[in-house]
Amino acid sequence: MTEQNKIKDVDSDRLMVLRALPEKVINILTKQEIKDFLYKDVWPNSLKEKLKDYLD
C-alpha cells in the first residue's frame, strides 16, 4: 500500500483550525493543500503563502 492510500487519523486541532478559517480562504485552497494542511508537518510554499495572514 502506498503512502497516499493509507488513511491517517486527522489531528483534531488542525481540523478545528481548518474549519475556523474564513470561507474565502477555504475556497482558494486546492484539495492537495487541504490534505497537506491536515497531514503534513512541512507545508508547500503555496499553502504557506495562502495562509500567511492566519499563521502565528
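1. Concerning the packing of aromatic side chains
Consideration 1: Per the stated rule, a full pass over the model turns up one aromatic pair.
Consideration 2: Between Phe37 and Trp43, the ring centres sit 5.0 Å apart and the planes meet at 25°, which makes this aromatic pair stacked. Across this residue pair, the class does not change: Phe37 and Trp43 are buried.

2. Concerning the environment of Leu38
Consideration 1: Here Leu38 is to be found in helix H3 (residues 31-39).
Consideration 2: The exposure class assigned to Leu38 is buried, which follows from its relative accessible area of 13%.
Consideration 3: Each C-alpha atom of the pair Leu38 and Arg14 lies 5.9 Å from the other, and the pair is 24 residues apart in sequence.
Consideration 4: Excluding its chain neighbours within four sequence positions, the residues that come into contact with Leu38 are Val10, Arg14, Leu15 and Leu18.

3. Concerning the side chain of Glu33
Consideration 1: Mapped onto the secondary structure, Glu33 falls in helix H3.
Consideration 2: A relative accessible area of 5% means that Glu33 is categorised as buried.

4. A closer look at the nonpolar core
Consideration 1: If you look at the biggest cluster of nonpolar residues, it comprises nine residues: Leu18, Leu21, Val25, Leu29, Phe37, Leu38, Trp43, Leu47 and Leu51.
Consideration 2: Going through the elements one at a time, H3 and helix H4 (45-51) are the ones with two or more residues in this core.
Consideration 3: Non-local contacts of Leu21, meaning those with residues more than four positions away in its chain, are made with Ile26, Leu51 and Tyr54.

5. Quick notes on H3
Consideration 1: Of the residues making up H3, those classed as buried are Glu33, Asp36, Phe37 and Leu38.
Consideration 2: On the buried face of H3, the contacting elements are helix H1 (12-20) and H4.

Cut-off values and rules
Residues numbered from 1 in each chain as written. Predicted model: local features only at pLDDT ≥ 70, side-chain atom pairs only at ≥ 80, totals over all residues. Heavy atoms only, no water. Phe/Tyr/Trp six-rings, centres within 6.5 Å; stacked < 30°, edge-to-face > 60°. Buried < 20%, exposed > 50% of the residue type's maximum accessible area, 1.4 Å probe, protein only. Helix = DSSP H or I, 4+ residues; strand = E, 2+ residues; numbered from the N terminus. Contact = heavy atoms within 4.5 Å. Core = buried A, V, L, I, M, F, W, Y, C linked by side-chain atoms within 4.5 Å.

This is a description of form; function is not addressed.
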